[in-house]
Structures are given as structure tokens and as C-alpha cells.
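A structural walkthrough
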Amino acid sequence: MNKITKDNLSSFMEYYHDFHDSHITHINYNIEKAKIEILINVYWSGEPTSNENGSYNTNKTKLKMVFYGVEECNNKELFSWDYIYNAYLKFIKIKNKEFICFADDKKKPQVYIVCENIEYEELNSSNIDK
């Protein structure tokens, strides 16, 4: 798994196009370990390429994100049509301690998680639409 740091945060968000058109498919909580795992069907990653018919190959993938040391979290009911328009991922300070905050939207998030660190990995994308 790869860790999101201040040094790679910008390139991470750029590579996954701020999760535009993606959606969260699973949220798993482990309250005792203050850990949350989410799975995201990502529809834009890397550099899109054009197909012969003029459509884009967006490099769909499935991403697993693991949030450790969860300080705050909240999620509203999610539906299959709740796509991410522009995700929020920033390092923030709460009571003089640094955390990283993920939200599926900056203004009206359905999901937000504030934690000590985040790790991620791409999973087999063969069943991304399932």
C-alpha cells in the first residue's frame, strides 16, 4: 500500500482527477482500531487516451483507501447515483495536531473522514461496474 503524504498529495489528486465521476461503493468501519476502509470506483485515472471513434479511454480502476487513526467521520446515506464531482483531500490542523481530511465534496459532503494518515492501493478493476 502507498501512503498519502504532503509531498504526493497533489500528484495523487491529479492522477485520479479529483475523483471526478467516481463513486464510493463500500465503507467498512473498525471502531476498535479507529480505522475505516473505503472502496471507490474511479473512472478517470492517469492520462486519458482517445479511441478511434473519438471517445476517451478513462483508465477505470478500483481504489482501496484505508484511513488510520480516525479522529472524526460522518457519512450520509449513499446511493448508486451519488457520484463524486470534485473530492476534497487536505492536511488540516485540529487543536494544534495535524490530520488529513478526505471528503467526497468540499461544500456538501456525503462522506468526510479526518484521520492521522491514509494508505491506498489499486485493486483489480475487472469488476468496477459491479
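Quick note: structure is the one above.
To start, this report covers the structure provided alongside it. (Residues numbered from 1 in each chain as written. Predicted model: local features only at pLDDT ≥ 70, side-chain atom pairs only at ≥ 80, totals over all residues. Heavy atoms only, no water.)

1. Here we look at the overall build of the protein
A count of helical and extended segments in the protein gives 1 helix and 11 strands. Start at the N end of the protein and walk to the C end: the helices and strands fall as β-α-β-β-β-β-β-β-β-β-β-β. Against the compact-globule benchmark of 14 Å for 130 residues, the protein has a radius of gyration of 15 Å, which places it among compact chains. Overall, the C-alpha framework of the protein stretches about 55 × 30 × 30 Å when taken along its three principal axes. The 130 residues of the protein split such that 35% are buried. Sequence separation of at least 24 residues holds for 62% of the intrachain contacts in the protein that already meet a minimum separation of 6. Counting every atom, the protein has about 8200 Å² of accessible surface; 44% of that belongs to carbon and sulfur. Placing the 16 positive and 20 negative side-chain charges of the protein at their respective mean positions leaves the two points 5 Å apart. (Helix = DSSP H or I, 4+ residues; strand = E, 2+ residues; numbered from the N terminus. Rg over C-alpha atoms; globule rule 2.2 N^0.38 Å. Buried < 20%, exposed > 50% of the residue type's maximum accessible area, 1.4 Å probe, protein only. Contact = heavy atoms within 4.5 Å. Areas by Shrake-Rupley, 256 points an atom, 1.4 Å probe, with all protein chains shown as cover. Lys, Arg positive; Asp, Glu negative; His and termini not counted. Charge placed at Lys NZ, Arg CZ, Asp CG, Glu CD.)

2. Quick notes on the nonpolar core
Core analysis: the largest hydrophobic core is formed by 25 residues, its most contacted members being Phe12, Phe19, Met65, Phe67 and Phe102. Residue assignment for this core shows that the elements contributing at least two residues are helix H1 (9-15), strand E3 (35-42), strand E6 (61-68), strand E9 (97-103), strand E10 (111-115) and strand E11 (117-123). Looking at which element gives the most residues to this core, the answer is E3, with 4 residues. For Met65, the residues in contact, after removing those within four places along its chain, are Ile4, Phe12, Phe19, Ile36, Glu37, Ile38, Ile40, Phe102, Ile118, Glu119 and Tyr120. (Core = buried A, V, L, I, M, F, W, Y, C linked by side-chain atoms within 4.5 Å.)

3. Some thoughts on the pairing of E6
Across the 8 residues of E6, 7 count as buried, placing the element largely inside the fold. Pairing of E3 with E6 involves 8 bridges; the strand directions are antiparallel. From the neighbouring strand, Glu37 faces E6, where its bridge partner is Val66. Summarising the sheet, E6 and E11 pair through 7 bridges and their orientation is antiparallel. Residue pairing in the sheet places Met65 in a bridge with Tyr120 of E11. (Pairing = 2+ DSSP bridges.)

4. A closer look at the pattern of salt bridges
Any two side chains of opposite charge can pair, on the condition that their charged atoms come close. One pass over the structure, following the stated rule, counts 4 salt bridges. A salt bridge links Glu37 to Lys64, with the shortest nitrogen-to-oxygen separation between them at 4.0 Å. Here Glu37 is found in strand E3, whereas its partner Lys64 is found in strand E6, with 27 residues between them in sequence. Classification of Glu37 as partly exposed rests on a relative accessible area of 22%. With a closest N to O distance of 3.1 Å, Glu116 and Lys97 form a salt bridge. Taken as a pair, Glu116 in the loop between E10 and E11 and Lys97 in strand E9 lie far apart in primary sequence, 19 residues in all. Residue class for Glu116 comes out partly exposed when judged on its relative accessible area of 42%. Lys97 gets classed as partly exposed once you look at its relative accessible area, which sits at 39%. (Salt bridge = Lys/Arg side-chain N within 4 Å of Asp/Glu carboxyl O.)

5. Examining the sheet that holds E10
Strand order in this open sheet of 4 strands is E7-E10-E9-E8, and the pairing throughout is antiparallel. The two strands at the open ends of the sheet, each matched to only one other strand, are strand E7 (72-75) and strand E8 (88-94). This sheet shows a mean twist of 20 degrees between the axes of neighbouring strands, independent of strand direction. In this structure, E9 lies alongside E10, joined through 4 bridges in antiparallel fashion. Paired with Cys101 across the strands is Val114, a residue of E10. (Axes fitted to C-alpha atoms, helices over the stretch in contact; angles between N-to-C directions.)

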